[in-house]
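This is what each chain is made of:
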Amino acid sequence: MTHIDGPGYESSIRDAINEHINHYSIRPKQNCDTEDCKESSAEQNNVGRGTIEMSIHIMGGFNDNKGSSIQITDSVLQTFAALSNEYNAYSASRRVPRMHMTLETCAVASANDNGIGCPLGRGLAMEVATGYVFLAEIDDSMINGSISSSTHPTASCNGMGKIAVNNDTPLFHPSPYNSYISAQGPDVVLRSVRIWASAFHPHDGEQESRLNIIHRPDRDYLTVEPFFFGPHIEARDLLKCTDEDLLQILSTSPEVEKTNFVFKARETLNFMNGTRSARVFPGGKPLKFRRVGLNEWVSIS
């Protein structure tokens, strides 16, 4: 599961598919005495001659005037198509599983548009026990109880005059050293800072877009890898802008942003300008979080 906001992530998609194939291609050796064990071992030994099924669900974008959604959709679909052909050709020449990809959900671009240039869905969730997918969205008013529903009116396509920002409301910055509750996962603000840091503090020579991985199937915790950030004059200048100007400057689709877009942008920029990465990542070590209960996260060493 990932979020892709532009073309150019072919390598990251390829890595994700490879990890999926490797996971289902492992055939551990078993010393079997029972019939059930023998049957399980036989199934695993046949993996190399079988087929790995993969269900793909893609949702996002809308019928935007710039055609950005179409460009991203084309890039993703072409990547999956190329990978499918490559793996089928590779499996035919070596004793490895075939890869069978099924595009089960494709609500993208105009298929995710309400007819007036506004996205129908902004998030997709999956019931992992059954594979059932459905539209979903995080209720911002429920995050740590720090943002009340009165602060952020219901989102609409027409955000004019409804920018949910209250300069008298203290900004909430979750500490990585305390437990807190959020369906968005731990340290949302810090993870958002990574996006801005890549713009304000670009790495020389780094051209390829890469997705940041916070969870792997062999781990029971989330990881926020260290990255460099700190106060920046351009971030300070942005914070001086009015809400409407900030919306127009920062958003690629300001007319359909959620009403809390500017609030979150200010929250992130303030956090970045108020501290440095060396304080957040002592010794350059990653932050690790384990889930407790439904949506509570605690820091682990």
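Parameters and conventions
- Residues numbered from 1 in each chain as written.
- Predicted model: local features only at pLDDT ≥ 70, side-chain atom pairs only at ≥ 80, totals over all residues.
- Heavy atoms only, no water.
- Helix = DSSP H or I, 4+ residues; strand = E, 2+ residues; numbered from the N terminus.
- Buried < 20%, exposed > 50% of the residue type's maximum accessible area, 1.4 Å probe, protein only.
- Core = buried A, V, L, I, M, F, W, Y, C linked by side-chain atoms within 4.5 Å.
- Contact = heavy atoms within 4.5 Å.
- pLDDT = per-residue confidence, 0-100.
- Axes fitted to C-alpha atoms, helices over the stretch in contact; angles between N-to-C directions.
- Parallel < 35°, antiparallel > 145°, perpendicular 65-115°, else oblique.
- Nonpolar A, V, L, I, M, F, W, Y, C, P; charged D, E, K, R; others polar.
- Expected span 1.5 Å × (residues − 1).
- Salt bridge = Lys/Arg side-chain N within 4 Å of Asp/Glu carboxyl O.
- Phe/Tyr/Trp six-rings, centres within 6.5 Å; stacked < 30°, edge-to-face > 60°.
- Pairing = 2+ DSSP bridges.

Concerning the environment of alanine 89
Turning to its location among the elements, alanine 89 is positioned in helix H3 (residues 68–93). Residue classification places alanine 89 among the exposed residues on the basis of a relative accessible area of 52%. Once the C-alpha coordinates of alanine 89 and methionine 99 are considered, the two residues, 10 residues apart in sequence, prove to be 9.9 Å apart.

With respect to the nonpolar core
With 26 residues, the main nonpolar core has Leu190, Phe229, Met272 and Phe281 as its most contacted residues. Setting aside its immediate chain neighbours within four residues, methionine 272 contacts Val193, Trp196, Ala197, Phe200, Phe229, Gly230, Pro231 and Ala235. Counting residues in each nonpolar core, the second largest holds 15 residues, with Ile72, Val76, Leu83 and Met99 among its members.

Side note on the confidence of the model for the chain
Of all residues in the chain, 75% have pLDDT values of 70 or greater, and the mean over the chain is 78. For the chain, per-element mean pLDDT is lowest for helix H2 (residues 35–45), which scores 52, and highest for helix H6 (residues 243–250), which scores 96.

Topic: the side chain of threonine 79
If you trace the backbone, threonine 79 turns up in helix H3. Residues within four places of threonine 79 in sequence aside, it is in contact with Glu10 and Ile13.

Notes on the packing of H6 against helix H7 (residues 261–274)
Taken N-terminus to C-terminus, the directions of H6 and H7 make an angle of 85 degrees; their axes are 10 Å apart at the nearest point. The angle between the axes of H6 and H7 places the two elements in the roughly perpendicular class. Only Phe261, Val262, Ala265 and Arg266 of H7 make contact with H6, whose side of the interface consists of Asp243, Leu246, Leu247 and Leu250. Here the residues of the contact of H6 with H7 are counted per class, giving six nonpolar, no polar and two charged.

Some words on H7
Helix length check: H7 (14 residues) gives 20 Å between terminal C-alpha atoms against 20 Å at 1.5 Å per residue, within 8%. Of all 14 residues in H7, 10 are buried; the element is thus mostly enclosed. Every buried residue of H7 is accounted for by Phe261, Val262, Phe263, Ala265, Arg266, Glu267, Thr268, Leu269, Phe271 and Met272. Among the structural elements, helix H4 (188–200), helix H5 (233–239), H6 and helix H8 (277–280) are those in contact with the buried residues of H7.

Some remarks on the pattern of salt bridges
Pairing is possible between side chains of opposite charge, provided their charged atoms come close. Throughout the structure, instances matching the rule amount to seven salt bridges. The salt bridge involving glutamate 137 is made with lysine 258; its shortest N-O contact spans 2.9 Å. In this pair, glutamate 137 is assigned in the loop between strand E4 (132–135) and strand E5 (180–181) and lysine 258 in the loop between H6 and H7, connecting sequence segments 121 residues apart. One salt bridge connects arginine 290 with aspartate 220, and the closest N-O pair in it is separated by 3.2 Å.

Details of the environment of lysine 66
In this fold, lysine 66 is placed in the loop between strand E1 (51–60) and H3. For lysine 66, a relative accessible area of 65% corresponds to the exposed category. Note: C-alpha distance between lysine 66 and serine 253 (187 residues apart in sequence) is 9.2 Å.

Quick look at the packing of aromatic side chains
Between two aromatic rings, the relevant description is the distance of the centres plus the angle of the planes. Applying the stated criterion across every chain, the model contains five aromatic pairs. With 6.3 Å between their ring centres and 20 degrees between their planes, tryptophan 196 and phenylalanine 200 make a pair best called stacked. With a gap of four residues between them, tryptophan 196 and phenylalanine 200 both fall in helix H4, about one helical turn apart. Taking relative accessible area as the criterion, tryptophan 196 reaches 19% and is therefore assigned buried. Judged by relative accessible area, which is 11%, phenylalanine 200 ranks as buried. Through successive ring pairs, a cluster of aromatic residues spans Phe227, Phe229, Phe271 and Phe281.

Comments concerning the pairing of strand E3 (residues 124–127)
In terms of strand pairing, E3 meets E4 through four bridges, oriented antiparallel. Each bridged residue has a counterpart across the sheet, and for glutamate 127 the counterpart in E4 is tyrosine 132. In sequence, E3 turns back onto E4 through a hairpin of four residues, with glycine 131 there showing a positive phi of about 85 degrees.

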